[in-house]
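So the chains spell out like this:
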Amino acid sequence: MTGTLTIAGLGPGDLALVTPEVSAALADATDIVGYAPYVARVPVRAGLTLHASDNRVELLRAGEALRLASEGRRVVVVSSGDPGVFAMASAVFEALEASPQWQGLPIRVLPGVTAMLAAAARIGAPLGHDFCAINLSDNLKPWPMIERRLRLAVEADFAIALYNPRSVSRPEGFGRVLEILGEAGRDDRLVMFARAVSTPEERIETVMLREARPEMADMRTLVIVGNSATRRVGRWVYAPRQAR
Ligand code: SAH
């Protein structure tokens, strides 16, 4: 029996945003591996083993998934949103690099709707012109690198999607981010806070940078910083297609 490893994105929360391809992989799986809150989103059924783990153990989790697949199991590693965006796909390939004996396993990466796209769709079209995405977590990179990338992104006039804006262990980081944006750009730039998009707790709020406060974001929030041309039209916010 040949095992398989599928790395799948569950989307931002709503079941309607799970792709049919991902649903089929979940229905065919013998084992689900992932961070506990994401594993909890997979429908339970007979014959399916759930391996829920804590946050921050991505590499261990990836190694376990590869081992199960090598034993003949049909393993699905789940992430929220897209598995390739600040999520498990990179961790699996890191584990694979460290364990060449598993490099022949059939591995697939199935895309999902990432938080910034789900958020942008609710807001209007804030990512309609050039944009970049930055993970504000400094678990795996030094904080000065985050500051440098932010400054350069503002200088290049990108719209900026910010993942992991604020955590309990790092409450001051996002406040510093707002300061840097203020120093680097204009304070009437639009800042959008999209919390728990596509769930019953969804909340969307757009303010000017000078009105933005650190406590407007938590770990369930995706923040989009507009570029210099991003504007409101009625209740919507969009980035014009043409650069000036
Ligand atoms: N792989 C995921 C991102 C994981 S990092 C994806 O592609 O979406 C976790 C961060 O994603 C959170 O801190 C938050 O910034 C963002 N996020 C995930 N789901 C979200 C949702 N439903 N609404 C708003 N932001 C979300």
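Residues numbered from 1 in each chain as written. Predicted model: local features only at pLDDT ≥ 70, side-chain atom pairs only at ≥ 80, totals over all residues. Heavy atoms only, no water.

Caption draft 1: Just the site of the ligand, in detail. Taken together, 19 residues lie around the ligand, and D82, V85, T114, M219 and T221 are the ones closest in. One of the backbone nitrogen or oxygen atoms of D82 is found 2.8 Å away from an oxygen atom of the ligand. A distance of 3.5 Å separates a nitrogen atom of the ligand from a polar backbone atom of R220. Its residues assigned to classes, the shell around the ligand comprises 12 nonpolar, five polar and two charged. In this structure, the shell around the ligand is formed jointly by two domains, domain 1 (4-113) and domain 2 (116-238), each of which donates at least three residues. (Near = heavy atom within 4 Å. Polar contact = N/O pair within 3.5 Å; in protein donor to acceptor, adjacent residues only side chain to side chain. Nonpolar A, V, L, I, M, F, W, Y, C, P; charged D, E, K, R; others polar. Domains from an automatic or database assignment.)

Caption draft 2: Structural context of the domain arrangement of the chain. Domain parsing of the chain yields domain 1 (4-113) and domain 2 (116-238). Relative placement of domain 1 and domain 2: their C-alpha centres are 28 Å apart. Every contact between the two is made by eight residues of domain 1 and, on the other side, 10 residues of domain 2. When the two sides are added together, the surface that domain 1 and domain 2 hide from each other amounts to roughly 680 Å², 63% of it contributed by carbon and sulfur. On the domain 1 side of the contact with domain 2, P12, R56 and F86 bury the most area, a combined 64% of that side's loss. Tallied by class, the residues present in the side of domain 1 that touches domain 2 amount to five nonpolar, one polar and two charged. (Contact = heavy atoms within 4.5 Å. Buried area = accessible area lost by both parts, 1.4 Å probe.)

Caption draft 3: Just the side chain of T221, in detail. Relative to the assigned elements, T221 resides in strand β11 (residues 221-225). In this structure the side chain of T221 is engaged in a polar contact, spanning 2.8 Å, whose partner is the side chain of D218. With sequence-adjacent residues up to four places away left out, T221 is seen in contact with L162, P165, F193, A194, R195 and M216. (Helix = DSSP H or I, 4+ residues; strand = E, 2+ residues; numbered from the N terminus.)

Caption draft 4: Structural detail: the sheet that holds strand β13 (residues 236-238). Ordered in space as β6-β13-β12, the three strands form an open sheet in which the pairing is mixed. With one partner strand each, in any of the chains shown, β6 (124-125) and β12 (231-233) form the two edges of the open sheet. Bridge count between β6 and β13: two bridges; the pairing is parallel. Looking at β13, one finds that G124 is bridged to V237. (Pairing = 2+ DSSP bridges.)

Caption draft 5: Region of the structure containing unusual backbone geometry. Not every positive phi belongs to a glycine, and D157 is a case in point at roughly 60 degrees. Looking at the secondary structure, you find D157 in the loop between α6 (143-155) and β8 (159-163). Phi at N164 takes a positive value of approximately 50 degrees, unusual for a residue other than glycine.

Caption draft 6: Representation of the pattern of salt bridges in the model. For the structure shown, the criterion picks out 14 salt bridges. Among the ionic pairs, R122 bridges to E202, the shortest N-O distance being 2.8 Å. Of this pair, R122 sits in helix α5 (residues 115-123) while E202 sits in the loop between β9 (190-195) and β10 (203-208); the two residues are 80 residues apart in sequence, bridging distant segments of the chain. When the shortest N-O distance is used, the salt bridge between R189 and D157 registers 3.5 Å. Note that R189 is positioned in the loop between α7 (173-184) and β9 and D157 in the loop between α6 and β8, a separation of 32 residues in sequence. By relative accessible area, which is 11% here, R189 ends up buried. (Salt bridge = Lys/Arg side-chain N within 4 Å of Asp/Glu carboxyl O. Buried < 20%, exposed > 50% of the residue type's maximum accessible area, 1.4 Å probe, protein only.)

Caption draft 7: Main features of the packing of helix α3 (residues 58-70) against helix α4 (residues 88-98). The contact between α3 and α4 brings their axes to 8 Å, and the two run at 65 degrees. Comparing their axes, α4 and α3 come out roughly perpendicular. Classified by chirality, the crossing of α4 by α3 is right-handed. Across the interface between the two elements, E58, L59, R61, A62, G63 and L66 from α3 touch M88, A91, V92, E94, A95 and L96 from α4. Residues of the contact of α3 with α4, tallied by class, amount to eight nonpolar, one polar and three charged. (Axes fitted to C-alpha atoms, helices over the stretch in contact; angles between N-to-C directions. Parallel < 35°, antiparallel > 145°, perpendicular 65-115°, else oblique. Left-handed = near helix turned anticlockwise from the far one by under 90°.)

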